[in-house]
Each structure stands twice: as structure tokens, then as C-alpha cells.
Amino acid sequence: MKRKKIILFLAIILIFIFVGIPTIKRETKEFQKRVYKKKLLESSNFNSKNQIGFENLPYFSSEPIPGPKTDITFFKGSYIILQYPIDIPLKKAKEIGANSVSIVVDFDLLKRGREYWSERKYEIINAINLAHKLGLIVQLSGGFYIVEKNITHYIKSYEEYKEAYIVSVVELAKIANEYLVERFEVSREIDVVTSRFVEYEGWVEHWDCWEHKKFVKLIEEFAHKLFIEVKKYYNGKIGIGFCEPKKYVKLPDYDFIGITVYSGGEPYNMARNAIKYIYNARKHTGDFNRIKELVLGEVAIGWLDEGIELNSEQKKKIYNEFFYATNHLIDGYFVFIDFPHPDEELKVIAKERYYCNVVI
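Computed from a prediction, not measured in an experiment: that's the story for all the values here.

**Student:** Help me understand the packing of helix α8 (residues 312-326) against helix α9 (residues 344-354), please; the structure alone is not making it clear to me.
**Tutor:** Across the interface, α8 lies against α9 with an axial gap of 9 Å and an inter-helix angle of 40°. Read as a crossing pair, α8 and α9 show a hand that is right-handed. Counted together, Ser312, Lys315, Lys316, Tyr319, Asn320 and Phe323 of α8 and Glu345, Leu346, Val348, Ile349, Ala350 and Arg353 of α9 form the full contact between these two elements. Partitioning the contact of α8 with α9 into residue classes produces 6 nonpolar, 2 polar and 4 charged.

See the structure below:
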């Protein structure tokens, strides 16, 4: 009798492990999705006739929604850090006349497991599908976020650091391919990503990394490895971004290059500094018989300029000079109209430029 009770007890435990726990996990995830959709619906006010096209958007679709079929010759884009709720920055992109968005996905470099990316996947595909539903071309960009500044506490070598980054970017590339993303940027700032561990290794300070004799070689090796791994899973255009392209970097594999454009503490030199970066990129980024596109991203008078007082007219003048000086040298912009706070002047100027047939 005691033996039967033990067998019955063990059978109940096994049923709970193999049936009960998976069912609970599945129901919990479904509940979380329903809550997310409800919050998204409430925050977005999808049924409001005052919002551009949002009455026709799905709450959430797990099926890929294709983007527009038209080819873009000049990117009039909006730069968006993936956030909740995602429909608000997408709506603002439509309001300024954008034809494209660069959606940046920052990820925790120390969390590389399947569970982490299965949780992130829902918000990423929701952003992609919403953007496509609004008729926007999507560029998905890899960023990174590290919990502790000194990552050498957790990652002991440059090779381990590089592998951790590649694993995360590949997961992102798989999502991009499955959900028909038109452009994939393996890193928004490959020089910054590379410099972080160089700095932590004690070789040189972050802003002086370009002067280190090994730095360019490290970028080239890192960029080449990223391209090879991403190409296995992603079929669209593949690009790579820089913060400050200061020296020759051989990048024969990539389709496009992005350059970050903050005014870098010098808002009045925003146009001049951008032109310097553009010429550096055109001169030093490799075989332009293949790399035909050069776009400027994160366009803004950013957080580095918070200590500088600028009135609205001054900011508009800076932005007008910037667009006028750079548009004929590049293939498009992704403007950062919500960083570090809503930038009404950039929104106004970008809207004026984007609604023209040509950005001049």
C-alpha cells in the first residue's frame, strides 16, 4: 500500500513537471502579452481620428507585415531608441514626413540566453510591424547596454567580449530577417563598441582610442567577423555605424555606413564637424564601389550641449545650416527628435526639409 502511494506521488510530480509547469509558463506569457497589448492600446489611443493611420493598426501581429515596395533614393528618417510605447515615436516620424526609421535595440551584453531574447523579441517585432504598417522602411540597429561600467568583472578577455556582442547581434539579425526588415546595422557605433574593452584593458582612454596602433586593426577584424556571422542569417542590406571615423578602416563587405552626428559640445560647429566626418568616411571606409550609401544618424544637438544655452531661433539656425551644408554629400538622415528631451526645433526644421522633394 505504501509503495502504491509513493508511485502515485511520483507520478503526480512528473505530470506537474512535464505538463503543469510548461502550461503555467505558457499561460503566464499569454497573460503578459494581453496586458502589454492593453497598455499599448490605451497609451496609443489607436481609434483616435487625430492620429495618422493608427486606427488601422493591429494591436499585435505575430505574422510579418511587409514594408513599402518603393525604393528610397534619399532617407528622410527618424532615429528611435526601442522603447515603450513604440507607437508614439513612430507617429512623430510620420508627422515630420519621414519615409524610414532607424530602430536601435540596446541589449544587455551579459544576458545572452534564449530566454532573454525570447522576451525582447515581442517588443522588437511589434515595433517593426507597426513601422511597416505605417509605410516606413525599417533599419534595425544594434546597440548595447552593460549593467556594470567595468565589464572586466564579468568578461575576462577581448575575445570573450567580442563573442558576447556577436551572439546578441546575430539574435537581432534573425528577427530582422524573419520580419522583413529592409536594412540591418550591425552596430550603431563600432568604434565606440570596440573602444569600451580597449579602455577597460587600460591601453588608452576611450576618446584617444583612434591613436592606438592596434585600434584600427581591431575594428577591421571585429567588423569583418560581424558581417560574416550576420550574413548567415540576414538577407537584406547590411551596414555599420561609426561615432567618429578618424582613420582608414577597410570595410569591403558592407552595403552602407552610418555616422553619428551630435554637435559634440560645439553646437555652432555642428555642420563643420559633420562635413569632417563625412569626408573622413568617404576617404577612409574602404571600397566605395560596393559601399555606396552614407547616412547620418542620431542627428541632434545632444546631451553634450546641455550646459550651453540656446534659444529656439539659434537652434533652428544651426539645424538649417547643418542640412544645407550636408545634404548633397550623403544619402540621408535619421534625426533624433526625442533626445535627450523632445526637440521641437529639430522637429520643425526636419519637417520643412522632409516635405520638400529634395532636402536642401
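**Student:** Would you mind going over a nonpolar patch on the surface with me for this structure?
**Tutor:** A cluster of nonpolar side chains, namely Ile6, Leu10, Ile13, Leu14, Ile17 and Phe18, defines an oily patch on the protein surface of about 570 Å² accessible area. Structurally, phenylalanine 18 is set in helix α1 (residues 2-44).

**Student:** Looking at this model, I keep getting lost on the pairing of strand β2 (residues 100-105). Mind explaining?
**Tutor:** Two faces, one strand: in a regular strand the side chains alternate between the faces of the sheet. Among the 6 residues that make up β2, 6 are buried, leaving the element largely enclosed by the rest of the structure. Of the two faces of β2, the one carrying Ser100, Ser102 and Val104 and the one carrying Val101, Ile103 and Val105 are both buried. With 5 bridges joining them, strand β1 (residues 75-81) and β2 adopt parallel strand pairing. Opposite isoleucine 81, over in β2, you have valine 104 as the bridge partner. As paired elements, β2 and strand β3 (residues 137-142) share 6 bridges and run parallel to each other. Residue pairing for β3: valine 105 is matched across the bridge by glycine 142.

**Student:** Help me out: how do you make sense of helix α4 (residues 158-178) in this one?
**Tutor:** In an α-helix, one turn spans 3.6 residues; hence positions three or four apart end up facing the same way. Taking 1.5 Å as the rise per residue, α4 with 21 residues should run 30 Å; its terminal C-alpha atoms sit 31 Å apart, in good agreement. Residue leucine 180 follows α4 closely and has a positive phi angle near 60°.

**Student:** What should I look at first to understand the sheet that holds strand β8 (residues 332-335) in this one?
**Tutor:** Strand pairing in a sheet takes place through backbone hydrogen bonds and is either antiparallel or parallel in direction. With respect to topology, 8 strands assemble into a closed barrel ordered β1-β2-β3-β4-β5-β6-β7-β8, the strand pairing being parallel. Across this sheet, the average inter-strand angle for adjacent strands is 25°, counted without regard to direction. In the sheet, β1 pairs with β8 via 4 bridges, with the strands oriented parallel. Across the sheet, glycine 77 pairs through a bridge with phenylalanine 334, a residue of β8. Those strands touched by α4 are β2, β3 and β4 (183-185), and its axis lies near 165° from that of β3.

What counts and what doesn't
Residues numbered from 1 in each chain as written. Predicted model: local features only at pLDDT ≥ 70, side-chain atom pairs only at ≥ 80, totals over all residues. Heavy atoms only, no water. Axes fitted to C-alpha atoms, helices over the stretch in contact; angles between N-to-C directions. Helix = DSSP H or I, 4+ residues; strand = E, 2+ residues; numbered from the N terminus. Left-handed = near helix turned anticlockwise from the far one by under 90°. Contact = heavy atoms within 4.5 Å. Nonpolar A, V, L, I, M, F, W, Y, C, P; charged D, E, K, R; others polar. Patch = residues over 30% accessible without salt bridge, like charges linked within 9 Å, V, L, I, M, F, W, Y side chains within 5 Å. Areas by Shrake-Rupley, 256 points an atom, 1.4 Å probe, with all protein chains shown as cover. Salt bridge = Lys/Arg side-chain N within 4 Å of Asp/Glu carboxyl O. Buried < 20%, exposed > 50% of the residue type's maximum accessible area, 1.4 Å probe, protein only. Pairing = 2+ DSSP bridges. Expected span 1.5 Å × (residues − 1).

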